[in-house]
Amino acid sequence: VRDRSAVVPWFYSVLRNAIIDNARSRQSEDIALERWAAELEQNGEGVDFSDEATQGIVCGCIDKLLPTLRPSYVEVLREVDLGGRSLADFASQHKMTPGNAAVRAHRARAALKQELIRVCGVCSEHACLDCICKLRRSSQIP
């Protein structure tokens, strides 16, 4: 450093550029999440569990495992996947962006899948059509 008085302005310039870059990155991420949420909504990513035939097929283990998940995950799974509500409606009701709602739904489904595989094993990997897992046999979570 030749001129010590130039260090402080240089530091603030670097700091300002880092803050601007961070803000731009977040804005790009939010836009990408919004697009992803819209795409999920169009493609019907969620399964409609509102009809009786589908509810009869769905493993009863899901009901028993939902309380073991994070409350925010249970909320999105019950309202969107089991209740048939759209992600956009869920997002507006809970004051979040559609992108955040899509991410929460994705993480909730992944957490439920992991719990089903952990508890139910093989039957959960084959759509739980003929569930013979421990939950069905013992009616409680191991």
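None of these values were measured; they are calculated from a predicted model.

### Quick notes on the environment of Ala32
Here's step 1: Within the secondary structure, Ala32 is located in helix α1 (residues 7-43).
Here's step 2: Taking the relative accessible area as the measure of exposure, Ala32 reaches 39% and is therefore partly exposed.
Here's step 3: Each C-alpha atom, one on Ala32 and one on Gly99, is 7.8 Å from the other, the two residues being 67 residues apart in sequence.

### Things to note about the environment of Leu87
Here's step 1: With respect to the helices and strands, Leu87 occurs in helix α5 (residues 87-93).
Here's step 2: Residue Leu87 is classed as buried on the basis of its relative accessible area of 6%.
Here's step 3: In this structure, the C-alpha to C-alpha distance between Leu87 and Arg104, residues 17 residues apart in sequence, is 10.0 Å.

### Here's the deal with unusual backbone geometry
Here's step 1: Backbone geometry places Lys95, a non-glycine residue, at a positive phi of 55°.
Here's step 2: Along the chain, Lys95 turns up in the loop between α5 and α6 (98-120).

### Observations regarding the pattern of salt bridges
Here's step 1: Scanning the model with the defined rule gives 3 salt bridges in all.
Here's step 2: With a shortest N-O distance of 3.9 Å, Arg104 and Glu75 are connected by a salt bridge. On the criterion of sequence distance, the pair formed by Arg104 in helix α6 and Glu75 in helix α4 (residues 71-82) is long-range, its members being 29 residues apart.
Here's step 3: Here Arg109 ties to Asp81 by a salt bridge, and the two come within 2.8 Å at their closest N and O atoms. Taken together, the positions of Arg109 in helix α6 and Asp81 in helix α4 put the pair 28 residues apart, joining distant regions of the chain.
Here's step 4: You can call Arg109 partly exposed: its relative accessible area is 23%.

### Some points on α4
Here's step 1: Within α4 the residues assigned to the buried category are Tyr73, Val74, Val76, Leu77, Val80 and Asp81. Here the buried residues of α4 occupy an arc of 170° about the axis, which is enough to place them on one side.
Here's step 2: Tucked into the core, α4 has its buried residues touching α5 and α6.
Here's step 3: Two residues or fewer past α4, Gly84 is found with a positive phi of approximately 80°.

Criteria and cut-off values
Residues numbered from 1 in each chain as written. Predicted model: local features only at pLDDT ≥ 70, side-chain atom pairs only at ≥ 80, totals over all residues. Heavy atoms only, no water. Helix = DSSP H or I, 4+ residues; strand = E, 2+ residues; numbered from the N terminus. Buried < 20%, exposed > 50% of the residue type's maximum accessible area, 1.4 Å probe, protein only. Salt bridge = Lys/Arg side-chain N within 4 Å of Asp/Glu carboxyl O. Arc of directions from axis to C-beta. Contact = heavy atoms within 4.5 Å.

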